[in-house]
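Summary of the model geometry
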Amino acid sequence: MFRRTTLLVAGLLLIAGCSSGQQAAQNREGQAGFVSGTGNVSLFAPADRKPAPALTGTTLDGKPWSLADQTGKVVVLNVWGSWCPPCRKEAPDLVAAAKELGPTVQFIGLNTRDLDPAPARKFVQEFGVQYPSIYDPNGKALLRFRGQISPKAIPTTLVIDKSGKVAARVVGEVSKDTLLGMVHDAAAG
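Let me sum up the structure you'll find in this document.

1. Things to note about the packing of helix H2 (residues 85–101) against helix H5 (residues 176–188)
The geometry of H2 relative to H5 is characterised by a closest axis approach of 9 Å and an angle of 40 degrees between their N-to-C directions. Relative to H5, the element H2 lies oblique. Relative to H5, H2 is oriented so that their crossing is right-handed. Here H2 contributes Asp93, Leu94, Ala96, Ala97, Glu100 and Leu101 to the contact with H5, which in turn contributes Lys176, Leu179, Leu180 and Val183. Taken together, the residues that form the contact of H2 with H5 break down as 7 nonpolar, no polar and 3 charged.

Below, the structure is given as structure tokens:
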């Protein structure tokens, strides 16, 4: 009898969990789930840095973009989606950091899981984002960073040093001051 009761309770919990998961999925309006990080910074010593994978794509304004073309520059890669609340919160800090650092640092967004580019373009316009963003609706470009960025950890920001290696990472929302410090460390190392 105890075993039947345990199985019945487990089955009911499973059904309840699935129905609440279905409702949560419906509330995201077709978007896959994401895990917002804590904003913890990981800095990598020059000897411990791993090469960033090849990243190419078409930007939201239809232009080709390639990480290989940025050799010799520090690159800030921010993974974002217009549907992501922490992305909206950090956008002003990213814009301010890009403006302060100027053309010596290349900022690039990696817009993921926006199935239609219109909301992403509206996000860029709303926040005054001046740097390009690769449009990656299906996450294929993001998957190239397996081991460095979790596909569900949105937003994530990487700082890639002048030699194309990942110097720093923030999983979660990044502030302007944190980002400026990360870029300074990457440029120095």
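2. Details of the sheet that holds strand E5 (residues 105–112)
Strand order in the open sheet formed by 6 strands is E1-E8-E7-E4-E5-E6, with mixed pairing between adjacent strands. The open sheet terminates on both sides in strands that have one partner only, identified here as strand E1 (40–43) and strand E6 (133–136). The average angle at which neighbouring strand axes cross in this sheet is 15 degrees, direction not considered. Pairing geometry for strand E4 (residues 74–80) and strand E7 (residues 156–160), over 5 bridges, is antiparallel.

3. Considerations on H5
An α-helix turns once per 3.6 residues; consequently, residues spaced three or four apart project the same way. Here H5 spans 18 Å end to end across 13 residues, near enough to the 18 Å set by a 1.5 Å rise per residue. Every buried residue of H5 is accounted for by Leu179, Leu180, Met182, Val183 and Ala186. Within H5, the buried residues cover an arc of 160 degrees as seen down the axis, which keeps them to one side. Turned more than 90 degrees away from the buried face of H5, the exposed residues are Asp177, His184 and Ala188. Next to the buried residues of H5 lie E1, E4, H2, E5, E7 and strand E8 (166–171).

4. What to know about the state of the cysteines
Counted according to the given criterion, the structure contains 1 disulfide. Each sulfur in the disulfide pair Cys84 and Cys87 lies 2.4 Å from the other. Residues Cys84 and Cys87 are joined by a disulfide whose S-S torsion is about 80 degrees; by sign, that bridge is right-handed. By the burial criterion, Cys84 is buried, and Cys87 matches it.

5. Some details on the packing of H2 against helix H3 (residues 117–127)
Where H2 meets H3, the closest approach of the two axes is 10 Å, and the angle between their N-to-C directions is 50 degrees. With respect to each other, H2 and H3 are oriented oblique. The two elements H2 and H3 cross, and the hand of that crossing is right-handed. Contacts between H2 and H3 involve Cys87, Arg88, Ala91, Pro92 and Val95 from the former and Phe123, Glu126 and Phe127 from the latter. The residue makeup of the contact of H2 with H3, split by class, is 6 nonpolar, no polar and 2 charged.

6. Examining the packing of aromatic side chains
The final tally for this structure, using the stated rule, is 3 aromatic pairs. Ring centres 4.4 Å apart and planes at 20 degrees place the aromatic pair Trp80 and Phe123 in the stacked group. Of the two residues, Trp80 is situated in strand E4 and Phe123 in helix H3; the sequence distance between them amounts to 43 residues. In this structure, Trp80 and Phe123 share a single accessibility class: buried. Through successive ring pairs, a cluster of aromatic residues spans Trp80, Phe123 and Phe127.

What counts, and at which threshold
- Residue indices follow the written sequence of each chain, beginning from 1 at its first position.
- In keeping with the predicted nature of the model, local features appear solely for residues at pLDDT of at least 70, side-chain atom pairs appear and are counted solely at 80 or more, and the whole-chain, interface and lining totals rest on all residues.
- For the side-chain quantities, the full set of heavy atoms in the structure was used; hydrogens and water were omitted.
- Only the stretch in contact is used when a helix axis is fitted, and all axes are lines through C-alpha atoms; the angle between N-to-C directions ranges over 0 to 180 degrees.
- By the criteria applied, helices consist of DSSP H or I runs no shorter than four residues and strands consist of E runs no shorter than two, each listed in order from the N terminus.
- Roughly parallel refers to an angle under 35 degrees, roughly antiparallel to one over 145, roughly perpendicular to one between 65 and 115, and oblique to any angle outside these ranges.
- Put simply, a crossing is left-handed when the front helix is turned counterclockwise from the back one by less than a right angle, and right-handed when it is turned clockwise.
- Pairs of residues are marked as contacts when any of their non-hydrogen atoms sit within 4.5 Å.
- Three classes are used, and their members are as follows: Ala, Val, Leu, Ile, Met, Phe, Trp, Tyr, Cys and Pro are nonpolar, Asp, Glu, Lys and Arg are charged, and the others, Gly among them, are polar.
- For two strands to be treated as a pair, DSSP must find at least two bridges joining them.
- Expected helix span is taken as 1.5 Å per residue step, with the number of steps being one fewer than the number of residues.
- The buried label goes to any residue with under 20% of its type's maximum accessible area, the exposed label to any with over 50%, and the partly exposed label to all in between, with areas taken from a 1.4 Å probe on protein chains only.
- Each direction from the helix axis to a C-beta atom contributes to the arc, which is the arc of those directions.
- Two cysteine sulfurs form what is called a disulfide whenever their separation falls within 2.5 Å.
- Pairing of aromatic rings covers Phe, Tyr and the six-membered ring of Trp, with a centre-to-centre limit of 6.5 Å; geometry is then stacked below 30 degrees between planes, edge-to-face above 60, and tilted otherwise.

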